[in-house]
Amino acid sequence: MHENSTNQWQNDYAHELELAYQARRQGNEGRARVCARRMAGILLTEFFRRKGIELPSMNALGYIRYSVTSPWISEDLRETLRHFTLKVDEKFTLPPHIDLIAEAEWLKTRLLD
């Protein structure tokens, strides 16, 4: 992700969102989950940037794991962020009520809108 532009996170997020939906349309739910995790990482990076908190460079899952323990993140957000760290079952799926793309969109409204 490019740190130079304050709106770059929006472009990066929109790009990952499109890739996530494209993967889902192609039946590649695993790739859609990867994109959704990157979307969450982009949101968290911007959230902490706005708070003036500099984080070490990590991958999206690292930002998610850090955020689950952060005092800056409310419990309802933590619960949703925990979904991004769940392991898939033997059929490579998450529980049916968990849609990481939708949850990333919800996080966007709660963290940055």
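Residues numbered from 1 in each chain as written. Predicted model: local features only at pLDDT ≥ 70, side-chain atom pairs only at ≥ 80, totals over all residues. Heavy atoms only, no water.

(A) Inspection of the packing of aromatic side chains at higher detail. Going through the model one piece at a time under the given rule, you end up with two aromatic pairs. Judged by centre distance (5.2 Å) and plane angle (75 degrees), the ring pair of Phe 47 and Phe 48 falls under edge-to-face. Assigned by exposure class, Phe 47 and Phe 48 land together as buried. Between Phe 48 and Tyr 66, the ring centres sit 5.5 Å apart and the planes meet at 70 degrees, which makes this aromatic pair edge-to-face. Of the two residues, Phe 48 is situated in helix H2 (residues 29-50) and Tyr 66 in helix H3 (residues 60-68); the sequence distance between them amounts to 18 residues. The exposure class of Phe 48 is buried, given its relative accessible area of 0%. Among the aromatic residues, those joined into a ring-pair cluster are Phe 47, Phe 48 and Tyr 66. (Phe/Tyr/Trp six-rings, centres within 6.5 Å; stacked < 30°, edge-to-face > 60°. Buried < 20%, exposed > 50% of the residue type's maximum accessible area, 1.4 Å probe, protein only. Helix = DSSP H or I, 4+ residues; strand = E, 2+ residues; numbered from the N terminus.)

(B) Summary view of the pattern of salt bridges. Considering all chains together, one arrives at eleven salt bridges under this definition. Between Arg 82 and Glu 75 there is a salt bridge, with the nearest N and O atoms lying 3.1 Å from each other. (Salt bridge = Lys/Arg side-chain N within 4 Å of Asp/Glu carboxyl O.)

(C) The side chain of Glu 16, seen in detail. The residue Glu 16 is located in helix H1 (residues 8-25) in this model. Within the structure, Glu 16 has its side chain in polar contact with the side chain of Arg 38 (distance 3.0 Å). Dropping the residues within four chain positions of it, Glu 16 is found in contact with Cys 35, Arg 38, Met 39 and Ile 42. (Polar contact = N/O pair within 3.5 Å; in protein donor to acceptor, adjacent residues only side chain to side chain. Contact = heavy atoms within 4.5 Å.)

(D) Expanded view of the nonpolar core. With 31 residues, the main nonpolar core has Tyr 13, Leu 44, Ile 73, Leu 81, Phe 84, Leu 107 and Leu 111 as its most contacted residues. Sorting the residues of this core by element identifies H1, H2, H3, helix H4 (75-83) and helix H5 (100-111) as the ones contributing at least two each. Ranked by residue count, the leading element in this core is H2, at ten residues. Apart from residues lying up to four places away in sequence, Ile 73 is in contact with Leu 44, Phe 47, Phe 48, Ser 67, Arg 78, Leu 81 and Leu 111. (Core = buried A, V, L, I, M, F, W, Y, C linked by side-chain atoms within 4.5 Å.)

(E) Inspection of the packing of H1 against H5 at higher detail. Orientation of H1 relative to H5, taken along the N-to-C sense of each, is 160 degrees, at an axis distance of 11 Å. On the basis of the axis angle, H1 is roughly antiparallel to H5. In this structure, H1 meets H5 at a crossing whose hand is left-handed. When H1 is examined against H5, the residues Trp 9, Tyr 13, Leu 17, Ala 20, Tyr 21 and Arg 24 are found in contact with a partner set consisting of Ile 101, Ala 104, Glu 105 and Lys 108. By residue class, the composition of the contact of H1 with H5 is seven nonpolar, no polar and three charged. (Axes fitted to C-alpha atoms, helices over the stretch in contact; angles between N-to-C directions. Parallel < 35°, antiparallel > 145°, perpendicular 65-115°, else oblique. Left-handed = near helix turned anticlockwise from the far one by under 90°. Nonpolar A, V, L, I, M, F, W, Y, C, P; charged D, E, K, R; others polar.)

(F) Highlighting the side chain of Ser 67. Here Ser 67 is to be found in helix H3. At a separation of 2.7 Å, a polar atom in the side chain of Ser 67 contacts the main-chain carbonyl oxygen of Tyr 63.

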